[in-house]
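Here are the chains, one letter per residue:
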Amino acid sequence: MRFSSIFAGVSKLVNDYPSYSKVLVLFAVSTGGAIAYSESQQGIGSHLSDAKQTEFKKKKMLLLGTGWAGISFLKDLDPSMYDVKVVSPRNYFAFTPLLPSVTCGTVEARSIVEPIRNIMRKRTGEFEFCEAECIKIDDVNKKILCRSIFENCAVPTREFLLDYDYLVIAVGAQVNTFNTPGVLEHCHFLKEVEDAQKIRKTVIDCFEQAVLPDLSEEERKRNLHFVIVGGGPTGVEFAAELHDYVVEDLGMIYPKVKDLVKISVVQSGDHILNTFDERISDFAEKKFSRDGIEVLTGCRVVSVKEDSIIMNKKSTGETCSVPAGMVVWSTGVGTRPVIKDFMEHVGQGNRRVLATDEWLRVKGCNDVFAIGDCATIDQRKVMDDILAIFKAADEDNSGTLTITEFRDVVDDILVSYPQLDAFLKNNHVKDVKDLWKDAEGNDREEVDLQGFKLALAQVDSQMKSLPATAQVAAQQGTYLAKCFNRVIECKDTPEGPRRFSGSGRHKFLPFRYKHLGQFAPLGGEQAAAELPGDWVSMGHSTQWLWYSVYASKQVSWRTRVLVVADWTRRFVFGRDSSRI
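Residues numbered from 1 in each chain as written. Predicted model: local features only at pLDDT ≥ 70, side-chain atom pairs only at ≥ 80, totals over all residues. Heavy atoms only, no water.

A. Geometry of the packing of helix H7 (residues 193-210) against helix H9 (residues 233-253). Two elements in contact, H7 and H9, have axes separated by 13 Å at closest approach and are oriented at 45°. Considered as vectors, H7 and H9 are oriented oblique to each other. Handedness of the crossing formed by H7 with H9: right-handed. On H9, the residues that touch Ile-199, Val-203, Ile-204 and Phe-207 of H7 are Phe-238, Leu-242, Tyr-245, Val-246 and Leu-250. Classifying every residue of the contact of H7 with H9 by side-chain character gives 9 nonpolar, no polar and no charged. (Axes fitted to C-alpha atoms, helices over the stretch in contact; angles between N-to-C directions. Helix = DSSP H or I, 4+ residues; strand = E, 2+ residues; numbered from the N terminus. Parallel < 35°, antiparallel > 145°, perpendicular 65-115°, else oblique. Left-handed = near helix turned anticlockwise from the far one by under 90°. Contact = heavy atoms within 4.5 Å. Nonpolar A, V, L, I, M, F, W, Y, C, P; charged D, E, K, R; others polar.)

Next up, the structure:
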């Protein structure tokens, strides 16, 4: 743990100077190797000159949400340019990747949260915060309706209006139950800090009830059967944390019932961790099998009852009932009611997720942006703009396109349509000239519109939606803040690609996600990692890499120290089993 805290400190010192990239050297303790983990973070953007600041009138910036997207936006926004107001039902930021650790006491809840006002206080400039929930967005009149949510206070709940010039929506998403009967009534979730605390209490309750003298053997087994629905990263990590908790701590505290404990992971797909590399998925399944964690793939939960789940096996069509003492539902995310209502008003009622353009502006309205899990980028297709691209490239209006003319615009096409870049890489196309070859593989000097369409016909097949992860949300928040910081500068000198359907250039470069890898802790001080460059790492050394990265990613020195202290406490004293 000493190594983790040292490198966490190095990361913080470098992060204080955002004009530089930060480099964190991580030692893989069990192998003695060294791994370099880098995250390119450009500066927030040069500040405006005094003259421009004088000319620039501050506009009202309203931010909804204090999750990964909202906090990244807030930390990188230049507050001297805007009157910033933040609205959120939570007055803190939670480091959600460590929520599974909170469920079992490996990390305490307060160790992973940072008060919003602490974050604001560290920034120069004025910020306002309202602890309230946004219940309606009026993009026509540029107002939002909020409701305070205080309990046990002398002043009753009330509603109020706030106006804005720019609105940034970062409210995240809610649990997706897929309208499965009984889920809301009988399942636990793992989206918020409060969810993790409830799970922790329920686990202890299940053990305490199981040792009561008047229970039958069948009742004890049912009470100690923990079912996790969903084999994604959150569900798998919770199953691993719970297994470690039982083996390392609860088994010694409750020796009479330790052999009755059963942990099951129900996954509708064919494998758990199916968004990871196949090698990691296979490794996780084999490790869970050795640990005694039951993995039920190809099973879909059709209903949940107070003491059991009803599931359907896809292979046989058989429906069976599985007794359970606690069910944790971790199957993805859905759209919040306020966003659904807003989508209806902006003409997106037929969509499942709020759509934005490549610059994170909500489609169908002005001056409203959406980042994080509450929205998805609706990337334009090359084939939708193929005629405009062809005309822009055909400078001599000859009706044909030469390779030289195409090269003149290909950089702008690659920026505007990232699927072309993915297509070239996946098909190992080293030179765009190779796209010009005919069906027999012969080079062509020029192509007409029909030939141009055929050359790019398969490009849009490479389009993929971004995952709803903290990494995506954080990068979107940082990107959008930089755009707002440079709005005047880029108005005079646009930095974006050319407009194929119009004249001139876009003000900013479109958002481009950079995948930095992902982790899957698997218990027993082992983890799996999928990092850029098709690099896969699994085992004990990867767990130490996980410790180092997660310590460095904390938003403050306070939480960084608390998290590392909790890890150290767990190594020395074990996890606490108190029901508080």
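From this point, the discussion proceeds with the structure in view.
B. Geometry of helix H13 (residues 403-416). Taking 1.5 Å of rise per residue, the 14 residues of H13 would be expected to cover 20 Å, and the 19 Å separating its terminal C-alpha atoms lies within 8% of that figure. Largest kink in H13: about 45°, centred on Val-409. Within H13 the residues assigned to the buried category are Ile-403, Glu-405, Phe-406, Val-409, Val-410, Asp-412, Ile-413 and Ser-416. Lining the buried residues of H13 we find helix H12 (386-393), strand E23 (400-402), helix H14 (418-426) and helix H15 (449-455). (Expected span 1.5 Å × (residues − 1). Bend = angle between axes of the 7 residues up to and from the residue. Buried < 20%, exposed > 50% of the residue type's maximum accessible area, 1.4 Å probe, protein only.)

C. Broad picture of the pairing of strand E3 (residues 59-64). In terms of strand pairing, E3 meets strand E4 (residues 82-88) through 6 bridges, oriented parallel. Paired with Lys-60 across the two strands is Asp-83, which belongs to E4. For the handedness criterion, the β-α-β arrangement of E3, helix H3 (residues 68-76) and E4 is classed as right-handed. In terms of strand pairing, E3 meets strand E10 (residues 166-169) through 4 bridges, oriented parallel. Within E10, the position partnered with Met-61 by the bridge is Tyr-166. (Pairing = 2+ DSSP bridges. Right-handed = clockwise from strand over helix to strand, strands pointing away.)

D. Representation of the sheet that holds strand E16 (residues 308-313) in the model. Here 3 strands make up an open sheet; going across it, the order is E15-E16-E17 and the pairing antiparallel. The two strands at the open ends of the sheet, each matched to only one other strand, are strand E15 (299-304) and strand E17 (319-323). Strand after strand, the sheet turns through a mean of 35° between neighbouring axes, direction not considered. Inspection of the sheet shows E16 paired to E17 by 5 bridges, in the antiparallel sense. When the sheet's bridge partners are listed, Ile-310 is paired in E17 with Ser-321.

E. The arrangement of the sheet that holds strand E14 (residues 294-297) in detail. If you trace the 4 strands from one edge of the open sheet to the other, you get E14-E13-E12-E18, paired in parallel fashion. Both edges of this open sheet fall to E14 and strand E18 (326-329), since each of them pairs with a single strand only. Strand-to-strand twist in this sheet, taken as the mean axis angle between neighbours without regard to direction, amounts to 20°. Here strand E12 (residues 225-229) pairs with strand E13 (residues 262-267) via 5 bridges, running parallel. By the bridge assignment for E13, Val-229 is matched with Val-266. Across the sheet, H7 lies against E12 and E18, angled at about 160° from E18, the strand it touches most.

F. Quick look at the packing of aromatic side chains. Evaluated as defined, the whole model comprises 23 aromatic pairs. Seen in terms of ring centroids, Phe-207 and Tyr-254 are 5.2 Å apart; in terms of plane orientation they differ by 35°. Their pairing is tilted. Of this pair, Phe-207 sits in helix H7 while Tyr-254 is found in the loop between H9 and E13, placing the two residues 47 residues apart along the sequence. Residue class for Phe-207 comes out buried when judged on its relative accessible area of 1%. Ring plane angle 55° and centroid distance 5.7 Å describe the contact between Phe-390 and Phe-452, whose orientation is recorded as tilted. Within this pair, whereas Phe-390 is found in helix H12, its partner Phe-452 is found in helix H15, the two being separated by 62 residues in sequence. Under the relative-accessibility criterion, Phe-452 is labelled buried at 0%. Feature note: the residues Trp-68, Phe-93, Phe-95, Phe-519, Trp-544, Trp-546, Tyr-547, Tyr-550, Trp-567 and Phe-571 constitute an aromatic cluster, connected by ring pairs. In this structure, Arg-560 is placed above the aromatic ring of Trp-557, and the distance from its NZ or CZ to the ring centre is 5.0 Å. Taking NZ or CZ as reference, Arg-570 lies 4.5 Å from the ring centre of Phe-571, over its face. (Phe/Tyr/Trp six-rings, centres within 6.5 Å; stacked < 30°, edge-to-face > 60°. Lys NZ or Arg CZ within 6 Å of the ring centre and 35° of its normal.)

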